[in-house]
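Single-letter residue listing:
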Amino acid sequence: MMKTVNIKINGYDYTMKKGITILDASFETMKMHREFMQHPIPTLYYLKGVQDIDDSGVCVVEADGKLVNASKTRIKDGMVIYTKTDHIIETRKQALEEILKHHNKSCLECFRSSNCELQELLKEYGFTDEPDLPNENLELLDTSSKVLVRDNNKCIRCKRCINVCAKVQAVSAIACTGEGLSAVIEPSSPKGLAAASCVNCGQCVAVCPVGALTEIDQTLQVKAALNDPKKYVVVQVAPAVRAALGESFEFPLGIDVEGRIAQALHELGFDKVFDTKFGADLTIMEESNELIERITKDGPLPLITSCCPGWIKYAEHFYPDMLDYLSSCKSPHQMQGAIVKTYIANQENIKKEDIVMVSVMPCTAKKFEITRADENGAGVADVDISITTNELAKLLKDAEIQLEAMNPNATFDDPLGYGTGAAVIFGATGGVMEAALRTAVEKLTGNETTIEYHDVRGMHGIKEAIVDVNGTDVKVAVASGLANANQLLTCIKEGDADYEFVEIMACPGGCVNGGGQPHQPASVRRLNNVPKERAASLYRNDAHSTIRKSHENPSVQKVYKEFLGEVGSHKAHELLHTTYIER
């Protein structure tokens, strides 16, 4: 039986679980339907699962007459707590003043303006006319990466980035020396992020409460392409984007805005608006064929998925001896780009050099992926520009396009605008595995198979399942978050685990939790399982899809019949497969 204690917060009585912190108790009150009984305590450093202690100075309350840190102090029976007295407010304002002495408050030019946890606190506590830091105090930006920009002038030393990189991602590309606001946060390599073991996953960007870490903004490149009459500009949208873009326009968590995105992109002026679900179905065709060949011809097993560029770069850094196990399939948007610059170019009678292929991805690592060698099946780059969900939101807002005013039933363009239910779940951890099994098992058995593989679903970091294929057990595993991938791969290398097929995603929860997805503050992430809500949206999309198996996609069948030939053909390998290097 759970032990409880009785406490008072701002004069109201509560019964809470014994041993939790005052901050945890505050979050418990936020779940109550009566607004007057909700008592939020501000945080700036805290983030569930990443940083448990908030030493910013704003996470203070009065408990039994003493000023205490709410994230460090545990409740006890009879405790009397106040969350917003004059003394508390003054203490929080002093803490914010100290942070501002080190923070370049150039909000108007900041990529995170209007979606910044510090900015919200400054508004709440009356900071409106504070000057920017003088120019002579500014550090140079770290722009060494092809993906991320690091601005130490905005860093508030919360250490969220360090913790997520080391603990959740097992990479440790960012380090810290010193303590408090005098601490120095910097890449583990003195030459910058590009020289560190950074895998470009963007989880540091996702957890940063301010604009100290951001994706490189390529919206101006997209605008330039759209304004160039000589260019034929094509856009494609990844599955996970539809489950999250609405958050940037005040839609609730988990709302699917697929149709609205299609119309909004047409409004922006793209010549063709495609859905990366087509590329995902194409990936399954090639990858399931590869899995079948390896199983039937004693190829290297387990086959490990290759559609996550953050995972690929991690493997090249830390597991170069296992590169032969990776599928040679390009990721879905790269495959789709190659088809656009060959098949679509021929259909539309357009020179491939005149096509600008833009991808909208939940992922920051895609920005690096498009620059990799052997990602140019047509002799030109498969994809020219990769922007994040956040950048798409910025493009729409700059163009004064209101997502809520778009038609929810609008559609993408043919022939690469159609994808199956199997394709849409690519955005959630376990989705690639499930989509591949729907096709591979049917091809191996020659019979209609299970549509849903629930054992590989869910937000658990590592999942295992056994699939019966004509009486033979096929063992599969799924890992999301690179620390979990590291654990799984170690077991495989040491002979403690034996699988035929493994899916790995760099970001915890999969692409729905990618580094380029809309930022949610610590309070929202504490009260909601954000990746789970987004993933549920994709599974609902799949459940309502008319076709739920990749090999039944008529558009994919047509492209193979008219252009690629057989699955796994020479032309398919030229356009849709790639290679890896040791780093």
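What counts and what doesn't
- Residues numbered from 1 in each chain as written.
- Predicted model: local features only at pLDDT ≥ 70, side-chain atom pairs only at ≥ 80, totals over all residues.
- Heavy atoms only, no water.
- Helix = DSSP H or I, 4+ residues; strand = E, 2+ residues; numbered from the N terminus.
- Buried < 20%, exposed > 50% of the residue type's maximum accessible area, 1.4 Å probe, protein only.
- Polar contact = N/O pair within 3.5 Å; in protein donor to acceptor, adjacent residues only side chain to side chain.
- Contact = heavy atoms within 4.5 Å.
- Axes fitted to C-alpha atoms, helices over the stretch in contact; angles between N-to-C directions.
- Parallel < 35°, antiparallel > 145°, perpendicular 65-115°, else oblique.
- Left-handed = near helix turned anticlockwise from the far one by under 90°.
- Nonpolar A, V, L, I, M, F, W, Y, C, P; charged D, E, K, R; others polar.
- Pairing = 2+ DSSP bridges.

Draft legend 1. Spotlight on the side chain of Glu-316. Here Glu-316 lies in helix H9 (residues 309–318). Glu-316 sits in the buried class, given a relative accessible area of 0%. Polar side-chain contacts of Glu-316 include one of 2.6 Å to the side chain of Arg-372. The residues contacting Glu-316, other than those within four sequence positions of it, are Leu-323, Arg-372, Tyr-580, Ile-581, Glu-582 and Arg-583.

Draft legend 2. Inspection of unusual backbone geometry at higher detail. The residue after Leu-301, namely Pro-302, is reached through a cis peptide bond having omega 10°. Its location among the elements puts Pro-302 in the loop between helix H8 (277–296) and strand S12 (303–304). Here the bond from Asp-414 into Pro-415 is cis, since omega is 0°, no more than 30 degrees from zero. In this structure, Pro-415 sits in the loop between helix H12 (389–398) and helix H13 (421–424). Unlike most non-glycine residues, Ser-172 shows phi in positive territory, near 55°. Counting through the fold element by element, Ser-172 comes out in the loop between helix H4 (160–168) and strand S7 (174–177). For Ser-172, a relative accessible area of 37% puts it in the partly exposed group.

Draft legend 3. Region of interest: the packing of H8 against helix H18 (residues 554–564). Two numbers describe how H8 lies on H18: the axes approach to 10 Å, and their chain directions differ by 65°. With respect to each other, H8 and H18 are oriented roughly perpendicular. Both H8 and H18 take part in a crossing whose hand is right-handed. Taking contact as the criterion, the partners of Phe-278, Asp-281, Leu-282, Met-285 and Glu-286 in H8 are, on H18, Ser-555, Val-556, Val-559, Tyr-560 and Leu-564. Among the residues forming the contact of H8 with H18, the class breakdown is seven nonpolar, one polar and two charged.

Draft legend 4. Representation of the sheet that holds strand S14 (residues 385–388) in the model. Strands sit in the order S11-S10-S13-S14 across an open sheet of four strands; the sheet is parallel. Whereas interior strands pair on both sides, the edge strands pair on one side only; in this sheet they are strand S11 (272–275) and S14. Direction aside, the axes of adjacent strands within the sheet are offset by 25° on average. Both strand S10 (residues 232–237) and S11 contribute to a ladder of four bridges, which runs parallel. Along S11, the bridge assignment pairs Gln-236 with Phe-274. Sheet strands in contact with helix H7 (residues 258–268) are S10 and S11, and its direction is about 155° off that of S11.

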